[in-house]
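The lines below spell out each chain.
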Amino acid sequence: MMYKIFLFLCFPLLVFAQKQKLEGMVVSNQNEKLSAIKVELYNSRNELIKVLKTNIDGSFILEGISEQNVKLVVKNEGYALYEKNLDLQNPEPLHIIMKKESHEIGEVVMTKRKPLVKRKVDRLEFNVENSNISSLNAWEILKNTPNVTVNNNILSVKGSTGILVTINDKKVMLTGDELKNLLENTQGDEVKSVEVITNPPAKYEASGSAVLNIIMKKNKVEGYRGILSSKYIQTQYAKGVFGLSQYYKKDKLSVMASYYKGMGTYYREGTDYVNYLESQKRWVSTMNRKDKNHNQNTLNFNVEYELDSLTSLSLNYSGFYSPKSYGIYNVPTIIYNNQNIAESDYTTVNDHQNRSINNSLSFQIDRKLNKKSSLSWINYFTGNNTDKYQNVITSLNFAGQSPREENFMTQNKTDVQLYSTQADYQWKNEKFDLESGVKYSFVKTNSRLDFSDNENGMLQYRPDKSSIFDYKEHNFAVYSSLGYTIGKWNFKAGLRAEMTDLEGIVSEPYDRNKNKYWNLFPTFYTQYTTENKQEFGFSYGKRISRPTYSWLNPAKSYYNLFSYYQGDPKLKATITHNLNFTYSWKEWNLDLYYRKEIYPSMEISFQEPNTNSLIYYFTNIEKGEAFGLSVYKNLQIKPWWNLILSENLEHNENYFKGTDGILYKNKVWNWVSNVSTSFTLDKSNDWKLEVGHRYYSPGIQGTFKISNAWTAYFVMNRKFFNKKLDASFIFNDIFRTMGQKVSTQYANQDNYFLDYNDTQGFTFSLKFNFGNQSVKNAKTIKKTEEQERL
């Protein structure tokens with residue numbers, strides 16, 4: 001009997017002496033499930049008895065607990081410590097909310113953020129993540145990036161054009177409007193940073209004056225999510241873009257797909273003035289160009305897969321398809337005599353349509369060889385096909401001649417195919433960083449121009465004005481670079497060798513241009529950091545800018561009877577030498593630079609008095625030189641108020657031979673200013689506003705002198721419904737001040753044109769986020785057998 005009573009009294013203790021189990025979930029205060037968070041359990045004597053990390057979905061299970069009164073501790077860098085005393089007699093699942101560490105300033109809560117601009121030994125890193133401009137698209141972000149200028153949709157870095165754009169160090173095989181379209185449809189909150197590389201290291205191909213590398217955020221969201229977006233743009237005419245982006249991530253697989261459809265009417269105003277000194281005549285043409293394009297399709301697809309913790313594969317496709325862009329230009333031209341009296345005129349009606357297709361495919365393999373080294377292999381294929389048709393009717397009413405009508409028709413088809421393969425090896429320890437690799441690329445283009453004009457009322461094919469242009473280019477490159485860190489000094493030097501083998505064949509008149517050459521491209525960088533974090537740097541790099549394939553086509557593309565565009569199959573590559581001295585301290589960034597260009601290639605114009613023609617063509621000028629100073633400063637006036645100053649002052653000189661064979665010099669002091677201020681209007685960072693002003697002082701390009709221009713803009717962004725709905729409003733060129741005058745005046749050349757690219761207008765966009773938006777997975781891949789062997 002006594003035994004039974006004793007057993008009854010001790011039963012609760014015996015029950016608890018059995019092993020207990022505690023389950024829980026760890027999330028952030030934004031309801032993000034947190035993985036790899038450290039969970040510790042202490043007994044009543046404050047002795048650690050259990051420790052583990054949360055799973056991918058933020059869950060954890062503590063088993064085999066023999067204590068009744070315990071203390072649970074959850075801690076992770078960047079979050080406030082969580083502690084709770086528990087009685088495990090009746091354990092219940094825990095829902096633990098971790099709060100980010102913050103410092104309160106009055107009523108505003110500020111979390112620690114990265115510096116907006118960070119200077120590295122070979123580049124400038126512009127941190128977009130969590131900044132006020134992350135609500136913009138990637139194209140607008142580039143406009144706000146230090147040392148980057150966008151004027152008439154042309155990218156330049158410190159006054160130099162021919163920029164190579166990469167995304168996550170992968171070359172974007174798009175240019176011009178297609179590149180702009182892609183970046184406009186790239187969400188800013190997906191961009192982590194932009195790297196401005198004015199002297200690209202040996203790893204990058206030597207072509208191009210600078211590299212803009214857009215680094216995208218890694219997809220850390222487990223499961224499926226998507227973004228449905230729409231954009232309305234109102235300038236002179238309306239335009240619209242609709243799109244869907246989808247993301248899926250599960251374990252080792254990550255997939256992204258996006259599709260955007262654009263439509264609208266595009267407008268550009270221009271007036272040409274040509275003064276012929278020989279005949280004392282002035283020709284004035286008014287060209288207001290309106291084009292409709294109701295079917296622009298942009299598609300991106302990317303898939304990444306981890307074979308194991310050492311090897312990953314990625315496949316990327318991007319495509320742009322525009323089946324029909326069309327318009328009818330009605331261009332009146334009035335001819336004035338030396339007394340400014342109109343004595344003749346003609347009217348050109350240009351009925352045209354264009355089709356373009358661009359497909360790019362890349363495949364990459366990355367492999368970790370050991371703890372210090374890795375190997376990557378990437379392959380690209382790009383196909384670009386364009387078809388341009390125009391039917392031009394000109395009604396002429398010249399003094400002393402009977403009125404007449406001329407008609408010609410052209411069809412220009414171009415097909416470009418490019419393939420490249422590149423292997424890169426990297427070895428790194430605490431002091432040294434070695435990079436080495438090889439690359440081979442091959443491009444072939446075929447351009448066919450068919451020209452017909454009227455004879456006895458019928459259009460007849462003209463072989464003498466038609467042409468077939470075939471071009472092939474092989475390029476082989478090998479490079480190596482070495483970085484070294486000692487104390488407060490960073491050094492990096494590299495050498496890249498490139499062999500180019502090209503052949504261009506023109507059918508009419510027959511011409512064959514064959515060339516093969518080697519070039520060496522050295523780079524050198526050094527950086528010193530003082531005790532109080534001041535950074536001094538120096539860099540040198542040699543670059544090459546090979547002509548765009550369309551610039552090599554000598555066929556005459558007629559705009560009208562008296563104006564045409566022509567390329568040059570013997571166009572030389574431009575060699576550029578860059579020197580940079582940099583200084584950074586407390587978000588002050590100064591860059592003193594010098595640039596020398598040998599045989600720069602560019603579009604210029606000249607008038608031909610004998611035929612009254614205005615001819616645009618690509619050519620090499622003798623040389624170009626520039627030196628200047630860039631200043632960038634980010635001022636955090638208040639926690640909710642930010643001011644950015646970005647200034648660039650440059651002296652630029654271009655030397656060119658005129659039509660009279662004399663060497664001329666075109667020079668200017670050019671100032672580009674970008675001042676913007678942004679405000680955060682609420683505590684949750686959901687409502688942001690920015691006002692800015694950009695100024696471009698007069699500039700030059702070869703024979704051209706370009707007038708000043710300025711623009712003011714306004715941006716507002718607001719998030720609703722727990723950040724699921726994102727609305728943006730942008731008002732560009734508020735005062736319609738971006739029109740420019742581009743003039744040529746030397747010897748017997750006297751012409752200019754006024755150009756306005758329809759930049760005044762507003763954009764209203766909506767983005768709706770759906771699916772697993774808030775479940776961030778800061779996944780740490782568990783070490784596998786392969787990693788353990790490294």
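Residues numbered from 1 in each chain as written. Predicted model: local features only at pLDDT ≥ 70, side-chain atom pairs only at ≥ 80, totals over all residues. Heavy atoms only, no water.

(A) Molecular detail of the pairing of strand 46 (residues 740-746). Taken across its 7 residues, strand 46 has 5 buried, putting it largely inside the fold. Where strand 43 (residues 704-706) lies against strand 46, 2 bridges are found, and the strand directions are antiparallel. Within strand 46, the residue paired with Ile706 across the bridge is Val742. Both strand 46 and strand 47 (residues 749-756) contribute to a ladder of 7 bridges, which runs antiparallel. (Buried < 20%, exposed > 50% of the residue type's maximum accessible area, 1.4 Å probe, protein only. Helix = DSSP H or I, 4+ residues; strand = E, 2+ residues; numbered from the N terminus. Pairing = 2+ DSSP bridges.)

(B) Summary view of the pairing of strand 3 (residues 48-53). Pairing of strand 2 (residues 38-42) with strand 3, which is carried by 5 bridges, proceeds in the antiparallel orientation. Of the residues in strand 3, the one forming a bridge with Glu40 is Val51.

(C) Representation of the nonpolar core. Grouped together as the largest cluster of nonpolar side chains are 33 residues, with contacts concentrated most on Phe126, Leu155, Val191 and Leu212. Listed in part, the 19 residues of the second largest apolar core include Leu22, Leu41, Leu72 and Tyr79. (Core = buried A, V, L, I, M, F, W, Y, C linked by side-chain atoms within 4.5 Å.)

(D) Just the sheet that holds strand 1 (residues 20-28), in detail. Strand order across the open sheet formed by 3 strands is 4-1-7, with mixed pairing between neighbours. Edge strands, defined here as strands with exactly one partner in the open sheet, are strand 4 (59-65) and strand 7 (94-98). Recorded for the sheet is a direction-independent mean angle of 25° between the axes of neighbouring strands. Sheet topology note: the strand 1/strand 4 ladder contains 6 bridges and is antiparallel. In the strand pairing of strand 4, Met25 is matched with Ser59. (Axes fitted to C-alpha atoms, helices over the stretch in contact; angles between N-to-C directions.)

(E) Main features of empty space enclosed by the protein. One pass over the structure, following the stated rule, counts 6 cavities of 30 Å³ or more. Quantified by volume, the second largest cavity comes out at close to 170 Å³. Going through the elements one at a time, strand 30 (510-529), strand 31 (535-545) and strand 34 (574-585) are the ones with two or more residues in the lining of the second largest cavity. Across the lining of the second largest cavity, the residue classes break down as 5 nonpolar, 9 polar and 5 charged. (1 Å grid on protein atoms, 1.4 Å probe; cavity = no way out; pocket = protein on both sides within 12 Å on 5 of 7 lines; lining within 4 Å. Points joined across faces, edges and corners; volume = space filled by probe spheres on them. Nonpolar A, V, L, I, M, F, W, Y, C, P; charged D, E, K, R; others polar.)

(F) Seen up close, the confidence of the model for the protein chain. This prediction gives the protein chain a mean pLDDT of 86; 92% of its residues lie at or above 70. Scored below 50 in pLDDT, residues 775-790 makes 37 contacts in the model with residues more than four places away or belonging to other chains. (pLDDT = per-residue confidence, 0-100. Contact = heavy atoms within 4.5 Å.)

(G) Fine view of a positive patch on the surface. Taken together, the side chains of Lys596, Lys623, Lys665 and Lys667 present a region of like positive charge at the surface. Look at Lys665 and you get partly exposed, because its relative accessible area is 43%. (Patch = residues over 30% accessible without salt bridge, like charges linked within 9 Å, V, L, I, M, F, W, Y side chains within 5 Å. Areas by Shrake-Rupley, 256 points an atom, 1.4 Å probe, with all protein chains shown as cover. Salt bridge = Lys/Arg side-chain N within 4 Å of Asp/Glu carboxyl O. Lys, Arg positive; Asp, Glu negative; His and termini not counted. Charge placed at Lys NZ, Arg CZ, Asp CG, Glu CD.)

(H) Spatial organisation of the pattern of salt bridges. Inspection of the entire model under this criterion finds 26 salt bridges. The shortest N-O distance in the salt bridge between Lys38 and Glu40 comes to 3.5 Å. Classification of Glu40 as buried rests on a relative accessible area of 4%. When the shortest N-O distance is used, the salt bridge between Arg448 and Asp450 registers 3.2 Å. According to the relative accessible area criterion, Arg448 is partly exposed, its value standing at 35%. Each of Asp122, Arg123, Glu195, Glu435 and Lys492 takes part in one network of salt bridges that share partners.

(I) Layout of the sheet that holds strand 16 (residues 191-197). Strand order in the open sheet formed by 6 strands is 10-11-16-17-14-15, with mixed pairing between adjacent strands. With one partner strand each, in any of the chains shown, strand 10 (117-119) and strand 15 (170-171) form the two edges of the open sheet.

(J) Inspection of unusual backbone geometry at higher detail. A positive phi angle, near 55°, is found at Gln280, a position not held by glycine. Examined against the element boundaries, Gln280 turns out to sit in the loop between strand 20 (253-276) and strand 21 (281-306). A positive phi angle, near 60°, is found at Asn722, a position not held by glycine. Locating Asn722 in the fold gives a position in the loop between strand 44 (709-720) and strand 45 (725-732). By relative accessible area, which is 71% here, Asn722 ends up exposed.

(K) Summary view of the packing of aromatic side chains. In this structure the tally under the stated criterion is 40 aromatic pairs. With a centroid separation of 6.2 Å and an interplanar angle of 80°, the aromatic rings of Trp283 and Phe398 are classed as edge-to-face. Within this pair, whereas Trp283 is found in strand 21, its partner Phe398 is found in the loop between strand 24 (373-397) and strand 25 (404-428), the two being separated by 115 residues in sequence. Under the relative-accessibility criterion, Trp283 is labelled buried at 7%. Geometrically, the ring pair formed by Phe656 and Tyr664 is stacked, given 5.7 Å between the ring centres and 20° between the ring planes. For Phe656, a relative accessible area of 5% puts it in the buried group. One cation-aromatic arrangement involves Arg282 over Tyr336; the distance from NZ or CZ to the ring centre is 4.6 Å. (Phe/Tyr/Trp six-rings, centres within 6.5 Å; stacked < 30°, edge-to-face > 60°. Lys NZ or Arg CZ within 6 Å of the ring centre and 35° of its normal.)

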